[in-house]
Amino acid sequence: MRHPNQQKTPKVRRYFRSLSGRIFLVFFVAFLLCASVGFLLVSNHEMRGESDALAVNVGNQTARVAAAIDRNKAYRRPALAQDFINALATNRAIQCVEVRLKGRSTAIAMIPPVIGCKNITAGQRLLLPIDEGETASLLTMFSDHDVRATAAHHRHMILLALTLGLAIAMIILLIGFRWVVGKPLVRLRKSIQEIAETGYRR
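Quick notes on the rules
- Counting starts from 1 at the beginning of each chain's written sequence and moves along it residue by residue.
- Thresholds applied to this predicted model are a pLDDT of at least 70 for local features of residues and 80 or more for the giving and counting of side-chain atom pairs; totals over whole chains, interfaces and linings are not thresholded and use all residues.
- Values reported for side chains reflect all heavy atoms of the structure, with hydrogen atoms and water molecules removed beforehand.
- Secondary structure elements are defined from DSSP: runs of H or I of at least 4 residues count as helices, runs of E of at least 2 residues count as strands, and each element is numbered from the N terminus.
- Relative accessible area decides the class of each residue, using a 1.4 Å probe on protein chains only: under 20% of the type maximum gives buried, over 50% gives exposed, and in between gives partly exposed.
- By definition, residues are in contact when any of their heavy atoms lie within 4.5 Å.
- Reported accessibility uses the Shrake-Rupley method at a 1.4 Å probe radius. Residues are deemed covered only where the shown protein chains occlude them.
- In this context, the arc is that of the directions from the helix axis out to the C-beta atoms.
- Nonpolar core, defined: a set of buried Ala, Val, Leu, Ile, Met, Phe, Trp, Tyr and Cys residues in which side-chain atoms within 4.5 Å join the residues together.
- The pairing criterion is simple: DSSP has to find at least two bridges between the two strands.
- Helix axes are fitted to C-alpha atoms over the stretch in contact, other axes to C-alpha atoms as well, and angles between N-to-C directions run from 0 to 180 degrees.

Description of the overall build of the protein
Helix and strand counts for the protein stand at 4 helices and 4 strands. For the protein, the α and β elements follow one another from N to C terminus as α-α-α-β-β-β-β-α. Each of the 202 residues in the protein was classed as buried or not, and the buried ones make up 28%. For the protein, long-range pairs separated by at least 24 residues make up 60% of all intrachain contacts whose partners lie at least 6 apart in sequence. For the protein, the accessible surface area stands at approximately 14,300 Å², while carbon and sulfur atoms represent 61% of it.

Some details on helix 3 (residues 78-85)
Buried within helix 3 we find Ala-81, Gln-82 and Ile-85. End-on, the buried residues of helix 3 take up no more than an arc of 105°, which puts them together on one face. Exposed side of helix 3, more than 90 degrees from the buried face: Ala-79 and Asp-83 are the residues found there.

Notes on the nonpolar core
Counting 24 residues, the largest nonpolar core has Ile-69, Ile-85, Val-97, Val-99, Ile-130 and Leu-138 as its most contacted members. Those elements giving two or more residues to this core turn out to be helix 2 (19-71), helix 3, strand 1 (94-101), strand 2 (109-111), strand 4 (136-142) and helix 4 (145-198). No other element matches the 6 residues that helix 2 contributes to this core. If sequence neighbours within four positions are ignored, Val-99 has contacts with Ile-69, Ala-81, Ile-85, Ala-107, Ile-108, Ala-109, Ile-130, Ser-137 and Leu-138.

Notes on unusual backbone geometry
That bond from Ile-111 to Pro-112 is cis: its omega, -5°, falls within 30 degrees of zero. Despite not being glycine, Glu-134 shows a phi value in the positive range, around 55°. If you trace the backbone, Glu-134 turns up in the loop between strand 3 (124-129) and strand 4. The class for Glu-134 is exposed, based on a relative accessible area of 52%.

A look at the sheet that holds strand 1
Taken in spatial order, the 4 strands of this open sheet run 2-1-4-3, and their pairing is antiparallel. Each edge of the open sheet is held by one strand with a lone partner, namely strand 2 and strand 3. For this sheet, the mean angle separating the axes of adjacent strands, direction not counted, is 15°. Across 3 bridges, the pairing between strand 1 and strand 2 is antiparallel. Each residue of the ladder has a partner; that of Val-97, found in strand 2, is Ile-111. Helix-sheet contacts for helix 3 involve strand 1, strand 2 and strand 4, and the interaxial angle to strand 2 is about 30°.

As for the pairing of strand 1
Across 7 bridges, strand 1 lies against strand 4 in antiparallel orientation. Pairing of Ile-94 across the sheet is with Phe-142, part of strand 4.

Considerations on the environment of Thr-106
Tracing the chain through its elements places Thr-106 in the loop between strand 1 and strand 2. Sequence spacing of Thr-106 and Gly-116 is 10 residues, and the spatial spacing of their C-alpha atoms is 9.5 Å.

Here's the deal with the pairing of strand 4
It is a general feature of regular strands that their side chains alternate between the two faces of the sheet. Taking burial as the measure, the 7 residues of strand 4 include 7 buried ones, the bulk of the element. A two-sided burial pattern is seen for strand 4, the buried positions comprising Ala-136, Leu-138, Thr-140 and Phe-142 on one face and Ser-137, Leu-139 and Met-141 on the other. Alignment of strand 3 against strand 4, held across 6 bridges, turns out to be antiparallel. In the sheet register, Leu-127 faces strand 4, and the bridge partner there is Leu-139. Between strand 3 and strand 4, which pair antiparallel and follow one another directly, the connecting turn spans 6 residues, one of which, Glu-134, has a positive phi of 55°.

Points about the side chain of Gln-61
On the secondary structure map, Gln-61 appears in helix 2. Look at Gln-61 and you get buried, because its relative accessible area is 17%. With near-sequence residues (within four places) excluded, Gln-61 lies in contact with Leu-88, Asn-91 and Ile-94.

Written out as structure tokens, the structure reads:
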């Protein structure tokens, strides 16, 4: 007894050897190649742009806080420095912040409190001097994890849309081919058979 798949294989092969099957394959491969290249280019460009925008945003926020600390000489008053850097805690991308003084091993103000940046090993590091003498500095470490997660979700949505578009395009192609080319070919084949069998066409 033959396996059901053994009976279907010859039909599939015959279809892809036909004109409609070959057109289907060419269109499918061309669409897949173009969509893949475009998808990769757009995804990389979008990811790079989002990461750059995040770095600029964090840099601007850090610079404003550093300027406020310098203007109020808050690096001499740890409690006031803590109040200023708390404004950076609202940014989810920022992992930790520290106000450091030259010659001191521990920060005078930090986010998260007590821990600061001690346990943060991954992420991007931004160190800005607070005062002109560079006796105080503001360290900010941030991550683009949320940006990457959003970009990944966006890529999945684009991929889903491309897959749906490909399926719709394939259906339209097959229907259009049968309507535009398939029926005239069937009529032409019948006419050729009639001429070959009877010597004339009805």
